[in-house]
Each structure stands twice: as structure tokens, then as C-alpha cells.
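# Topology and contacts: notes
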Amino acid sequence: MKRSFKVIILEGFQQFIKDIKQTKWAIIAIIAYFAFVRKFIFSMCPLVMITGYPCPSCGLTRAGIRLLHLDFGGAWRMHPFIYGVVILVAVFCWNRYICLRQRQPKNMKLLAGTMIVFLVVFYIYRMVRYFPTQPPMNYYSNNLFLRYWHALMHLLNK
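Computed from a predicted model, the values in this text were never measured in an experiment. (Residues numbered from 1 in each chain as written. Predicted model: local features only at pLDDT ≥ 70, side-chain atom pairs only at ≥ 80, totals over all residues. Heavy atoms only, no water.)

### Side note on the overall build of the chain
For the chain, the count of helices and strands is 8 helices and 0 strands. Listing the helices and strands of the chain from first to last along the sequence gives α-α-α-α-α-α-α-α. The C-alpha radius of gyration of the chain comes to 20 Å, more than 25% above the 15 Å expected for a compact globule of 158 residues. Counting only C-alpha atoms, the chain reaches 80 × 35 × 30 Å along its principal axes. For the chain, the residues scored as buried account for 25% of the 158 residues in total. Residue pairs in contact within the chain that sit at least 24 positions apart in sequence constitute 49% of those at least 6 positions apart. Counting only carbon and sulfur atoms, one obtains 72% of the accessible surface of the chain, whose full area is about 11,900 Å². (Helix = DSSP H or I, 4+ residues; strand = E, 2+ residues; numbered from the N terminus. Rg over C-alpha atoms; globule rule 2.2 N^0.38 Å. Buried < 20%, exposed > 50% of the residue type's maximum accessible area, 1.4 Å probe, protein only. Contact = heavy atoms within 4.5 Å. Areas by Shrake-Rupley, 256 points an atom, 1.4 Å probe, with all protein chains shown as cover.)

### Observations concerning the nonpolar core
Formed by Leu60, Ala63, Leu67, Ala75, Met78, Phe81, Ile82, Leu88, Met108, Met115, Leu119 and Phe122, the largest nonpolar core amounts to 12 residues. Counting residues per element, the ones that place at least two in this core are helix H4 (60–68), helix H5 (72–78), helix H6 (82–98) and helix H7 (106–130). Considering each element in turn, this core owes the most residues, 4 residues, to H7. The contacts of Met108, once residues within four sequence positions are left out, are Leu88, Val91, Phe92 and Asn95. (Core = buried A, V, L, I, M, F, W, Y, C linked by side-chain atoms within 4.5 Å.)

### Let's talk about the layout of surface pockets
A water-sized probe rolled over the atoms picks out the places where empty space is left. Looking at the largest pocket, its volume works out to about 430 Å³. Taken together, 17 residues form the lining of the largest pocket, with Met44, Cys45, Gly59, Thr61 and Arg62 sitting closest to its centre. Among the elements of the structure, helix H2 (24–40) and H4 are those that each provide at least two residues to the lining of the largest pocket. With 4 residues, the top contributor of residues to the lining of the largest pocket is H4. (1 Å grid on protein atoms, 1.4 Å probe; cavity = no way out; pocket = protein on both sides within 12 Å on 5 of 7 lines; lining within 4 Å. Points joined across faces, edges and corners; volume = space filled by probe spheres on them.)

If you want it as C-alpha cells, here you go:
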């Protein structure tokens with residue numbers, strides 16, 4: 001039996017609300033993290049805050065924001081994997097909220113895993129090619145590791 005467009009939208013929305021309710025504490029924790037970090041710390045990325053080095057996904061948030069502003073070239077320059085992320089999210093949403101599948105197909109996991117491997121390879125390329133002078137591949141000298149290192153050296157030299 002085919003579902004009407006109205007039924008597809010209604011059932012998808014109900015599933016979405018159910019998913020939100022099931023993950024509400026994780027969503028609250030993520031929002032609190034971003035609010036705290038935005039107010040008190042220089043970077044949203046924990047790896048950058050601790051080590052000063054960018055992570056493989058550094059630039060994805062900025063690329064997503066550029067994509068929302070329809071700056072496709074800017075999004076590509078900031079992090080080309082934003083398009084793979086958008087495709088994965090769209091396919092996930094299609095499977096979850098339109099087809100109402102409770103589990104994602106195995107090829108989705110394979111596709112996501114393959115994308116992560118390529119993301120790491122691309123990260124190594126960007127570190128060799130652009131680090132530390134070109135955003136988002138900058139070194140942040142105000143990191144926690146370096147601060148603790150200087151404090152330890154200061155204590156040991158007394």
C-alpha cells in the first residue's frame with residue numbers, strides 16, 4: 001500500500017520528534033558545550049584547545065556555514081568533505097524519516113567508513129601542504145598543552 005505525501009510527512013515528523021525526545025540529554029549537553037566554549041574559550045574543537053593542532057574535520061563547521069550562505073566555492077575551499085557529509089545526512093534522513101527504517105543499510109556504514117578514511121588521508125595532505133599558515137590548518141599557540149608545559153618548565157627552573 002502506498003502512503004500519501006501527507007502521511008509520509010506526518011510519520012516522518014513523528015519519528016523525528018521521537019528521536020529528539022530519546023536524545024534530549026545529548027542535545028542539551030552539546031548545546032551547553034557550544035555555549036560555554038563560545039563564551040569562554042577560543043576554539044570549539046577540543047583537539048585545537050588542547051594541542052593547538054587542527055583535527056581532520058577542522059573547517060567543516062565553517063564550510064557548512066558557507067554552504068548555508070550558498071557560497072559553494074568557499075565551502076569547497078574551507079573543507080571539500082562538507083559535500084560528502086551533506087550527502088550522508090540527506091541519505092540518513094531519507095532512510096530514517098521518509099522510508100521509516102529503524103536501521104541504516106550496511107552500505108551506509110561502508111560509505112561513512114570510507115569517507116572517514118579519505119578524510120584522514122586528506123587531513124595528512126593538508127597538514128603537509130598548508131600547515132601552519134593557511135586556515136583552517138593553523139597552529140594555535142594559546143593551547144592548554146603549551147600553557148601547562150611553560151608552567152611546568154617555570155616551576156622546574158626555580
